[in-house]
Amino acid sequence: MNYSFSEKVSQLQASAIREILKYTADPEVISFAAGNPAPEAFPIDAVKEISAKMLAEEPIAVLQYGITEGYTPLRDMMKQRMAAADCFCEEREDLIITSGAQQVMELACKSLCNAGDTLICEAPSFIGSLNAFKSYNVNLVGIPLDDEGMDPELLEAALKANSNTKLIYLIPNFQNPTGKTTSLARRKQIYALAQKYDVLILEDNPYGDLRFTGEHVPSIKTMDTDGRVIYAGSFSKVLAPGIRVGYAIAPKEIISKMVVCKQVSDVQSNNFGQMLAYGFLKNYDFDAHLSMLRGIYKQKCERMLAGMDAAFSKKIQFTRPEGGLFIWCTLPDDCDMMGFCKRAVSEYKIAVVPGSAFMVSEADKTTSFRMNYSTPTDEAIDRGVEILGRLTKEMFG
């Protein structure tokens, strides 16, 4: 029979990242396409100990239903941690545990946006969030990034042109896919524009704890004097993505609506993952763990950048992130980026993600692609960058 899909999903396409990852089933392919934490970053022994203790002492709590807002001890601990970072105000805000930070984007859009409302985001941006927004038929408007973040003049022009703007979405720290960080001055400008045009900011910060060089930049949430910023965080990149534990901080009125929407989606996030995250925060040195992660990613990033400096054509430009997991590479203006990416994986057995996967609209053109340094081994980084470099010199001199 013929199937007729809803307007909400008819425009959604399979992730280009997932499509390229199909090539990685070939054992000869070196993948720079994923965005997974390094295998050596997982605290496996601690997870075993915490899991055994949970199942020995609180098996029913682990296996039973929980409340939609999240496991209360974890919520209380995260409120304390975020208040210490000036990102939580007990009087006016609340915190909800979600099934990964991605669910925050979906719940925020579902709670606040009607079909046709405008949502402004960075261009390029994270494909998972873009698809979440598109599923609610919002009018997505992308603002190009320079080295400091969103261009404020273009942002204001978009706000003027779209009086129905509900949200400004951005990933200010080590952005996925570009690795860029929004400067402090630019964060202040973005917040001021949100105030001027009376819109909310959705600040997605999954990588903020992974700064391995440069100076800390305060989150936009620390500037939030009038309940304008919804803050999203995650344990995926700092503990384990498989536990699917994220969280959102927002004004109580917004959180209450997100709770109702989450009850429709999945009732609650899984208790095991929440209790595991709580056990790690309570009984282990989380700051020492983060320091270990930063050391891993600093070494991997520097290794990949050094290899690219030596092997890549000088006509290729690339970012130099101060944290996170990604490097954004840009080919010459007149090149076929998709052809380059396909040739890289099919002929040279190197997988990267074409930049078109992260564009707001299919009509948006890009000659960039994303590389990941957290997942591959050091040996794979060295060999893969050298091989990819040969292709860049062959194609671009």
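Residues numbered from 1 in each chain as written. Predicted model: local features only at pLDDT ≥ 70, side-chain atom pairs only at ≥ 80, totals over all residues. Heavy atoms only, no water.

(A) Fine view of the overall build of the chain. Secondary structure assignment for the chain yields 14 helices and 14 strands. The globule rule puts the C-alpha radius of gyration for 397 residues at 21 Å, and the 21 Å found for the chain is close to it. Along the longest, intermediate and shortest principal axes, the C-alpha atoms of the chain span 60 × 60 × 55 Å. Looking at the chain as a whole, 56% of its 397 residues qualify as buried. For the chain, restricting intrachain contacts to residue pairs at least 6 apart in sequence, the fraction spanning at least 24 positions comes to 76%. A gap of 2 Å separates the mean positions of the 42 positive and 50 negative side-chain charges of the chain. (Helix = DSSP H or I, 4+ residues; strand = E, 2+ residues; numbered from the N terminus. Rg over C-alpha atoms; globule rule 2.2 N^0.38 Å. Buried < 20%, exposed > 50% of the residue type's maximum accessible area, 1.4 Å probe, protein only. Contact = heavy atoms within 4.5 Å. Lys, Arg positive; Asp, Glu negative; His and termini not counted. Charge placed at Lys NZ, Arg CZ, Asp CG, Glu CD.)

(B) Main features of a nonpolar patch on the surface. Taken together, the side chains of Met1, Tyr3 and Phe5 make up a nonpolar region of the molecular surface, amounting to roughly 490 Å² of accessible area. Here Phe5 is to be found in the segment before α1 (7-10). (Patch = residues over 30% accessible without salt bridge, like charges linked within 9 Å, V, L, I, M, F, W, Y side chains within 5 Å. Areas by Shrake-Rupley, 256 points an atom, 1.4 Å probe, with all protein chains shown as cover. Salt bridge = Lys/Arg side-chain N within 4 Å of Asp/Glu carboxyl O.)

(C) Spatial organisation of the sheet that holds strand β3 (residues 118-123). Read across the open sheet, the eight strands follow the order β2-β9-β8-β7-β6-β3-β4-β5; overall the sheet is mixed. Looking along the sheet, the strands with just one partner apiece sit at the ends: β2 (93-98) and β5 (149-150). Note that strand β4 (residues 139-146) and β5 share two bridges and pair antiparallel. Looking at the pairing, Leu145 lines up with Met150 of β5. (Pairing = 2+ DSSP bridges.)

(D) Local environment of the side chain of Thr367. Secondary-structure assignment places Thr367 in the loop between β13 (353-354) and β14 (368-372). Excluding residues within four positions of it along the chain, Thr367 makes contact with Cys329, Thr330, Leu331, Pro332, Asp333, Cys335 and Met337.

(E) The arrangement of the side chain of Ser31 in detail. Here Ser31 shows up in strand β1 (residues 30-31). Of the polar contacts made by the side chain of Ser31, one reaches the backbone nitrogen of Ala33; its length is 3.2 Å. (Polar contact = N/O pair within 3.5 Å; in protein donor to acceptor, adjacent residues only side chain to side chain.)

(F) Quick look at the sheet that holds strand β11 (residues 326-330). The sheet built from four strands is open, its strands ordered β10-β11-β14-β13 with antiparallel pairing. Whereas interior strands pair on both sides, the edge strands pair on one side only; in this sheet they are β10 (317-318) and β13. Where β11 lies against β14, five bridges are found, and the strand directions are antiparallel. Bridge pairing in β14 links Cys329 to Phe369.

(G) Quick peek at the pairing of β2. Burial within β2 is extensive, with six of its six residues counted as buried. With burial as the criterion, each face of β2 is covered, one bearing Glu93, Leu95 and Ile97 and the other bearing Asp94, Ile96 and Thr98. Relative to strand β9 (residues 246-251), β2 is paired through six bridges, and the arrangement is antiparallel. Residue pairing in the sheet places Glu93 in a bridge with Pro251 of β9.

(H) Examining helix α10 (residues 252-265) more closely. Along its 14 residues, α10 runs 20 Å from first to last C-alpha, staying within 8% of the 20 Å computed at 1.5 Å per residue. Along α10, the residues that are buried comprise Ile254, Ile255, Met258, Val259, Cys261 and Lys262. Buried residues in α10 make contact with β2, α6 (101-112), β7 (200-204), β8 (229-234) and β9. Just beyond α10, the residue with positive phi is Val267, at close to 70 degrees. (Expected span 1.5 Å × (residues − 1).)

(I) Representation of unusual backbone geometry within the structure. Residue Pro124 follows Ala123 across a cis peptide bond; omega there is 10 degrees. Structurally, Pro124 is set in the loop between β3 and α7 (127-134). Cis geometry marks the peptide bond from Asn176 to Pro177, where omega comes out at 25 degrees. Position of Pro177 among the secondary structure elements: in the loop between β6 (165-170) and α9 (184-196). Positive phi, normally seen in glycine, also occurs at Phe174, with a value near 50 degrees. Along the chain, Phe174 turns up in the loop between β6 and α9.

(J) Representation of the pattern of salt bridges within the structure. Applying the stated rule across the entire model yields 23 salt bridges. For the salt bridge of Glu57 with Lys53, the shortest nitrogen-to-oxygen distance reads 2.9 Å. With a gap of four residues between them, Glu57 and Lys53 both fall in helix α3 (residues 44-57), about one helical turn apart. Relative accessible area serves as the criterion here: at 53%, Glu57 is assigned to the exposed category.

(K) Summary view of helix α14 (residues 378-396). Taking 1.5 Å of rise per residue, 19 residues should cover 27 Å, and α14 covers 26 Å from first to last C-alpha, within 8% of that figure. Of all the positions in α14, only Ala380, Ile381, Gly384, Val385, Ile387, Leu388, Gly389, Leu391, Thr392 and Phe396 are classed as buried. Along its buried surface, α14 packs onto β1, α12 (286-311), α13 (337-346), β12 (350-351) and β14.

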